[in-house]
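# A closer look at the structure
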Amino acid sequence: MRTAGGTANAEAWSGLINTSSFRPHPSFPRAFRAASWLNPACMSFATTDLDGLPPAIWSELERAVADEASPLRTPVLGTTNLFECSMRVVVLRHAEGARRELVCYSDARAQKVHQLKLCEQAHWLFHDPARRLQLRISAHTMVHQNDAITRAHWARTPLAHRRNYCANQPPGSDIHAPGDAIAPALKSPKVTARELEPGYENFAVLVSTVDQIEWLQLGDEGHVRAVFNWTTMKWSGLWLVP
C-alpha cells in the first residue's frame, strides 16, 4: 500500500538547499548534504543515496520528540472505522528507528481508540512547512491500556497532563456549555498524583510499528520523492515521480 507522505518529504529536504551557491542549508541532515543531487553538475536523482534516507528520517523524528518547537512533533494521525476516515493532530511522545516505533497518547474512550480496535492500520502525516518537507507513514498500531507500557508512560506524564484523562465524560460527548468536563479540584496547582490516579483508567498508549514511509521534499531546483517499505530485515526504497 503506497502512502502519499513520502512525496512531501523529498520536497521538504530539497527546500533547504541554498540555490545561489548550491550549498545545503546548515540544518540539512548530513546524510543529505553528501548526496550527489546537491551538486548542480550532477542533478541525477538516481545517484542520490537512497539507503541513507530512512536513518536520517528517523533521526529527525527522534529529535522532534524533545523539541516542542519542531513541527514534526505534532503530526496528524489518521484512522478508520472501515467506512470513513478520521484525522486529528496528536503529540509525538516517542520515536525509535531501531524498533520502527511511533508513539502517541489518547483517552481510551476516544473515537480513534475504538477505530484502531476495528482496524489496526493507521497513517501518520508529518509536515515541516519551513523546510517544505512531508512524510506519510503507514503503521500497524496497537492500543495499550492497563499494562506495563501504559504504566511506564503514565509515570513520566506530568500531573498537569494527567488531568486531561480525568474528564467525567468521553471525548466528543455533548455538553451544555463550553468546558472540559474535568472537576475544578483536579485543576488546582496543588493536585496530587493520587487524586489524578483515576485518570489512569482512561489513559491509552498508541504504539505504531511502521511498515512504510513516503518522503517528499519540495525545492526550487526540483522536487524529490521516495517510498520505503520494511522487508523483514531492512528498508527497501524506490524513487517516485513527485
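Residues numbered from 1 in each chain as written. Predicted model: local features only at pLDDT ≥ 70, side-chain atom pairs only at ≥ 80, totals over all residues. Heavy atoms only, no water.

## Focus on the nonpolar core
Core analysis: the largest hydrophobic core is formed by 32 residues, its most contacted members being Leu 61, Leu 102, Trp 124, Phe 126 and Trp 215. Those elements that provide at least two residues to this core are α3 (53-66), β6 (101-107), α4 (111-118), β7 (121-128), β8 (133-144), β9 (203-217) and β10 (224-231). One finds Val 103, Trp 154, Val 205 and Val 207 within the second-largest nonpolar core, a separate group that totals 8 residues. (Core = buried A, V, L, I, M, F, W, Y, C linked by side-chain atoms within 4.5 Å. Buried < 20%, exposed > 50% of the residue type's maximum accessible area, 1.4 Å probe, protein only. Helix = DSSP H or I, 4+ residues; strand = E, 2+ residues; numbered from the N terminus.)

## Focus on the environment of Asp 180
Counting through the fold element by element, Asp 180 comes out in the loop between α6 (159-162) and α7 (193-196). Taking C-alpha positions, Asp 180 is 6.7 Å from Ala 167, a pair spaced 13 residues apart along the chain. Contact partners of Asp 180, with chain neighbours within four places excluded, come to Ala 167 and Lys 187. At 3.1 Å, the side chain of Asp 180 and the backbone nitrogen of Ile 182 are in polar contact. Polar side-chain contacts of Asp 180 include one of 3.0 Å to the side chain of Lys 187. (Contact = heavy atoms within 4.5 Å. Polar contact = N/O pair within 3.5 Å; in protein donor to acceptor, adjacent residues only side chain to side chain.)

## Considerations on the pattern of salt bridges
Enumeration according to the criterion identifies 10 salt bridges in this entry. In this structure, the salt-bridge partner of Arg 99 is Glu 101, at a minimum N-O distance of 3.4 Å. Among the residues examined, Glu 101 registers a relative accessible area of 14% and is labelled buried. The partner of Arg 132 in a salt bridge is Asp 220, and the shortest N-O contact between them spans 3.0 Å. Residue Arg 132 is found in the loop between β7 and β8, and its partner Asp 220 is found in the loop between β9 and β10; the two are separated by 88 residues along the sequence. Residue classification places Arg 132 among the partly exposed residues on the basis of a relative accessible area of 28%. Relative accessible area serves as the criterion here: at 64%, Asp 220 is assigned to the exposed category. Each of Glu 60, Arg 63, Asp 128 and Arg 131 takes part in one network of salt bridges that share partners. (Salt bridge = Lys/Arg side-chain N within 4 Å of Asp/Glu carboxyl O.)

## Here's the deal with the pairing of strand β11 (residues 234-240)
The sheet contact formed by β10 and β11 spans 7 bridges and is antiparallel. When the bridges of β11 are listed, Trp 230 appears paired with Trp 235. Hairpin connection of β10 to β11: 2 residues between the antiparallel strands, including Thr 232 at a positive phi of 70°. (Pairing = 2+ DSSP bridges.)

## Description of the packing of aromatic side chains
What the rule picks out here adds up to 7 aromatic pairs. On the numbers, 6.2 Å between centres and 65° between planes, the contact of Trp 154 with Tyr 165 is edge-to-face. Highlighted residues: Trp 154 in helix α5 (residues 148-155) and Tyr 165 in the loop between α6 and α7, separated in sequence by 11 residues. Looking at Trp 154, the relative accessible area reads 1%, which means it is buried. Looking at Arg 151, its charged tip hangs above the ring of Tyr 200, at a distance of 3.8 Å from the centre. (Phe/Tyr/Trp six-rings, centres within 6.5 Å; stacked < 30°, edge-to-face > 60°. Lys NZ or Arg CZ within 6 Å of the ring centre and 35° of its normal.)

## Re α4
Every buried residue belonging to α4 is among Lys 112, Val 113, Gln 115 and Leu 116, and all of these are buried. Taken around the axis of α4, the buried residues stretch over an arc of 160°, which confines them to a single face. Exposed and oriented more than 90 degrees from the buried face of α4 are Lys 117 and Leu 118. Contact partners of the buried residues in α4: β3 (76-80), β4 (85-89), β6, β7, β8 and β9. (Arc of directions from axis to C-beta.)

## Concerning the environment of Leu 240
Looking at the secondary structure, you find Leu 240 in strand β11. Spatially, the C-alpha atoms of Leu 240 and Val 227 are 7.0 Å apart, while their sequence positions differ by 13 residues.

## Looking at the confidence of the model for the chain
Per-chain confidence: the chain averages 85 in pLDDT, with 80% of residues scoring 70 or above. With pLDDT under 50 throughout, residues 1-47 is counted as low confidence; its partners more than four residues away or in other chains account for 163 contacts. (pLDDT = per-residue confidence, 0-100.)

## Here we look at the pairing of β4
Along β4, the buried face is formed by Ser 86 and Arg 88; none of Cys 85, Met 87 and Val 89, which line the opposite face, is buried. Relative to β4, β3 runs antiparallel, the two being bridged by 5 bridges. Opposite Val 76, over in β4, you have Val 89 as the bridge partner. Where β3 folds back on β4, the antiparallel hairpin that results is connected by 4 residues, among which Leu 82 adopts a positive phi of roughly 85°.

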